[in-house]
Amino acid sequence: MARNKIALIGAGNIGGVLAQEIAYRELGDVVLFDVVEGLPQGKALDIAEGAPIRGSDAKVLGTNRYEDIAGSNLVIITAGLARKPGMSRDDLLAKNLEIMKSVAQGVKQNAPAATVIVISNPLDAMVYTFKQISGFPKNRVVGMAGVLDSTRFRTFVAWELGVSVEDVTALVLGGHGDTMVPLPRYAQVAGIPVAKLLPSEKIAEISKRTQNAGGEVVNLLKTGSAFVSPATSAIEMAEAILKDKRRVLACACYLEGEYGVSGLYVGVPCVLGAGGVERVLEVQLDPDERKLFDASVEHVRSLIAQIKL
Ligand code: APR
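The rules behind the values
- Residues numbered from 1 in each chain as written.
- Predicted model: local features only at pLDDT ≥ 70, side-chain atom pairs only at ≥ 80, totals over all residues.
- Heavy atoms only, no water.
- Helix = DSSP H or I, 4+ residues; strand = E, 2+ residues; numbered from the N terminus.
- Rg over C-alpha atoms; globule rule 2.2 N^0.38 Å.
- Areas by Shrake-Rupley, 256 points an atom, 1.4 Å probe, with all protein chains shown as cover.
- Lys, Arg positive; Asp, Glu negative; His and termini not counted.
- Charge placed at Lys NZ, Arg CZ, Asp CG, Glu CD.
- Domains from an automatic or database assignment.
- Contact = heavy atoms within 4.5 Å.
- Buried area = accessible area lost by both parts, 1.4 Å probe.
- Salt bridge = Lys/Arg side-chain N within 4 Å of Asp/Glu carboxyl O.
- Nonpolar A, V, L, I, M, F, W, Y, C, P; charged D, E, K, R; others polar.
- Phe/Tyr/Trp six-rings, centres within 6.5 Å; stacked < 30°, edge-to-face > 60°.
- Buried < 20%, exposed > 50% of the residue type's maximum accessible area, 1.4 Å probe, protein only.
- Lys NZ or Arg CZ within 6 Å of the ring centre and 35° of its normal.
- Core = buried A, V, L, I, M, F, W, Y, C linked by side-chain atoms within 4.5 Å.
- Polar contact = N/O pair within 3.5 Å; in protein donor to acceptor, adjacent residues only side chain to side chain.
- Pairing = 2+ DSSP bridges.
- Axes fitted to C-alpha atoms, helices over the stretch in contact; angles between N-to-C directions.
- Left-handed = near helix turned anticlockwise from the far one by under 90°.
- Near = heavy atom within 4 Å.

1. Details of the overall build of the protein chain
So, step 1. Counting its secondary structure elements, the protein chain contains nine helices and 14 strands.
So, step 2. Radius of gyration (C-alpha) of the protein chain: 19 Å, near the 19 Å computed for a compact globule of 309 residues.
So, step 3. By its C-alpha atoms, the protein chain is 50 × 45 × 40 Å across when sized along the principal axes.
So, step 4. Carbon and sulfur atoms make up 53% of the accessible area of the protein chain, which totals about 13,600 Å².
So, step 5. Between the mean site of the 33 positive side-chain charges and the mean site of the 34 negative ones, the protein chain shows a separation of 2 Å.

Structural data, given as structure tokens:
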């Protein structure tokens with residue numbers, strides 16, 4: 001059986017963790033691409049030299065040439081600038097838009113059959129840009145946001161209750177920004193609604209911390225943004241696709257009528273398998289949740305209006 005070939009566009013902080021995790025878990029051979037000379041080659045060599053200890057025979061190639069991604073069945077994009085303290089994800093729009101346009105061309109020309117996971121921020125606008133420029137079908141272009149926002153919520157709930165993170169599930173929808181919508185009503189601990197275990201003020205605090213969680217890390221790191229949890233979140237999506245697991249995960253999906261939204265990428269629960277986004281699941285939102293969701297959608301719409309694609 002041929003191995004999976006996974007191309008990582010961007011060999012910075014997130015790209016490096018992705019390459020390491022994918023190679024050491026033998027999810028497939030890795031091609032790590034960046035425009036900076038030496039960076040992807042250096043990271044690839046470093047990872048390859050640790051592989052004997054991890055028992056991994058996955059190949060890791062670092063490159064500055066798009067041709068090397070040919071034949072990839074999965075592409076994960078982290079190319080672009082990351083936030084510094086004081087910046088919102090939206091402040092990255094102008095610079096990352098130009099980068100994403102060139103990346104979309106490179107992927108379209110060299111890996112036209114791939115399924116693509118976009119991580120670059122502002123996420124909902126970047127994944128939209130990729131789809132518009134590449135012309136790839138909507139099921140093969142998905143954004144990583146909800147998995148990360150949900151894992152942050154899960155972490156805080158587990159800490160608060162002193163229980164295993166494994167037993168906490170959560171759902172965060174909407175755009176991947178300050179307007180994201182945590183849905184505590186759909187969060188559970190081993191099937192028990194979180195509202196039965198925590199007071200509403202505590203749940204509101206956890207929702208707020210989740211919304212600001214990316215910024216909290218940026219303020220501590222000062223030189224960049226979170227990279228381990230975003231990479232790990234994308235790996236969960238990659239595994240669902242590569243192993244055709246049909247995982248139900250919150251992802252940025254292109255909506256055509258679902259949730260009353262058309263022509264935008266917004267975070268919603270979906271079924272992720274070999275066909276990429278195989279189905280969007282529509283969950284019922286109560287009036288307050290709906291209001292927050294609509295506000296988040298409007299925010300995404302205003303960003304998309306700025307990029308004129
Ligand atoms: N093609 C490929 N790679 C590029 C391009 C391009 N046109 N332009 C920039 N890059 C590379 C940079 O050289 C850098 O190595 O993208 C990489 C980004 O890495 P970091 O700055 O370390 O950023 P990272 O933390 O990995 O985040 C990447 O994901 O979560 C988002 O907001 C974050 O937009 C940011 C992206």
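2. What about the domain arrangement of the protein chain?
So, step 1. By the assigned domains, the protein chain splits into domain 1 (5-143) and domain 2 (146-305).
So, step 2. Placing the centre of domain 1 and that of domain 2 at their C-alpha centroids yields a distance of 22 Å.
So, step 3. Between domain 1 and domain 2, the contact holds 36 residues from the first and 43 residues from the second.
So, step 4. Carbon and sulfur atoms supply 67% of the area buried between domain 1 and domain 2, which totals about 3,400 Å² over both sides.
So, step 5. Two residues, E256 and K138, come together in a salt bridge whose shortest N-O distance is 2.6 Å.
So, step 6. Going through the elements one at a time, α1 (13-24), β4 (74-77), β5 (115-118), α4 (123-134) and β6 (141-143) are the ones with two or more residues in the side of domain 1 that touches domain 2.
So, step 7. A breakdown of the residues in the side of domain 1 that touches domain 2 according to their chemical character gives 20 nonpolar, seven polar and nine charged.

3. Here's the deal with the packing of aromatic side chains
So, step 1. A complete count under the given rule lists five aromatic pairs for this structure.
So, step 2. Their ring planes at 40 degrees and their centres at 5.4 Å tell us that Y259 and F293 sit as a pair that is tilted. Here the residue Y259 occupies a position in the loop between β12 (247-256) and β13 (262-273), and F293 occupies one in helix α9 (residues 287-307), the gap between them amounting to 34 residues. You'll find Y259 and F293 in the same group, each marked buried.
So, step 3. Over the ring of Y254 we find K131; its NZ or CZ atom is 4.2 Å from the centre of that ring.
So, step 4. Taking the ring centre of F136 as reference, the NZ or CZ of R140 above it sits at 4.8 Å.

4. A few points about the nonpolar core
So, step 1. With 89 residues, the main nonpolar core has I9, L18, I76, I77, V107, I117 and F130 as its most contacted residues.
So, step 2. Two domains share this core, each providing at least three of its residues, namely domain 1 (5-143) and domain 2 (146-305).
So, step 3. Contacts of L18, omitting those with residues within four sequence positions, involve L8, I76, T78, I119, A231, A234 and I235.
So, step 4. In this structure, F156, A170, V189 and A213 belong to the second largest nonpolar core, which totals 15 residues.

5. Observations concerning the side chain of R89
So, step 1. Considering the arrangement of structural elements, one finds R89 in the loop between β4 and α3 (93-110).
So, step 2. Reaching out from R89, the side chain makes a polar contact with the side chain of H176 at a distance of 3.4 Å.
So, step 3. Contact partners of R89, with chain neighbours within four places excluded, come to R83, N121, P122, R152, H176, G177, D178 and G214.

6. Regarding the sheet that holds strand β11 (residues 192-193)
Strand pairing in a sheet relies on backbone hydrogen bonds. The paired strands run either parallel or antiparallel.
So, step 1. Pairing is antiparallel across the open sheet formed by three strands, whose spatial order is β7-β10-β11. Among the strands making up the open sheet, the edge pair consists of β7 (168-169) and β11.
So, step 2. Alignment of strand β10 (residues 188-189) against β11, held across two bridges, turns out to be antiparallel. Residue pairing across strands places V189 opposite I192, the latter belonging to β11.

7. Quick notes on the packing of helix α5 (residues 146-161) against helix α8 (residues 228-242)
So, step 1. Where α5 contacts α8, the two axes come as close as 8 Å, and the packing angle between them is 115 degrees. The crossing of α5 and α8 is right-handed. Facing α5, whose interface residues are V147, L148, T151 and R152, α8 presents S229, P230, S233, E236 and M237.
So, step 2. Residue classes in the contact of α5 with α8 are distributed as four nonpolar, three polar and two charged.

8. Describing the site of the ligand
So, step 1. In the neighbourhood of the ligand, 24 residues make up the surrounding shell, with N13, I14, D34, T78 and L81 lying closest.
So, step 2. Backbone polar atom of N13 to an oxygen atom of the ligand: 2.8 Å apart, as the coordinates give it.
So, step 3. Between an oxygen atom of the ligand and a main-chain N or O atom of G80, the distance comes to 3.3 Å.
So, step 4. Elements with a contribution of two residues or more to the shell around the ligand: α1 and α3.
So, step 5. Of the residues assigned to the shell around the ligand, the class counts are 14 nonpolar, nine polar and one charged.

9. Here we look at unusual backbone geometry
So, step 1. Geometrically, the link from N121 to P122 is a cis peptide bond, its omega value of -5 degrees lying close to zero.
So, step 2. Counting through the fold element by element, P122 comes out in the loop between β5 and α4.
So, step 3. You will see that D244, though not glycine, has its phi angle at about 50 degrees, which is positive.
So, step 4. Residue classification places D244 among the partly exposed residues on the basis of a relative accessible area of 37%.

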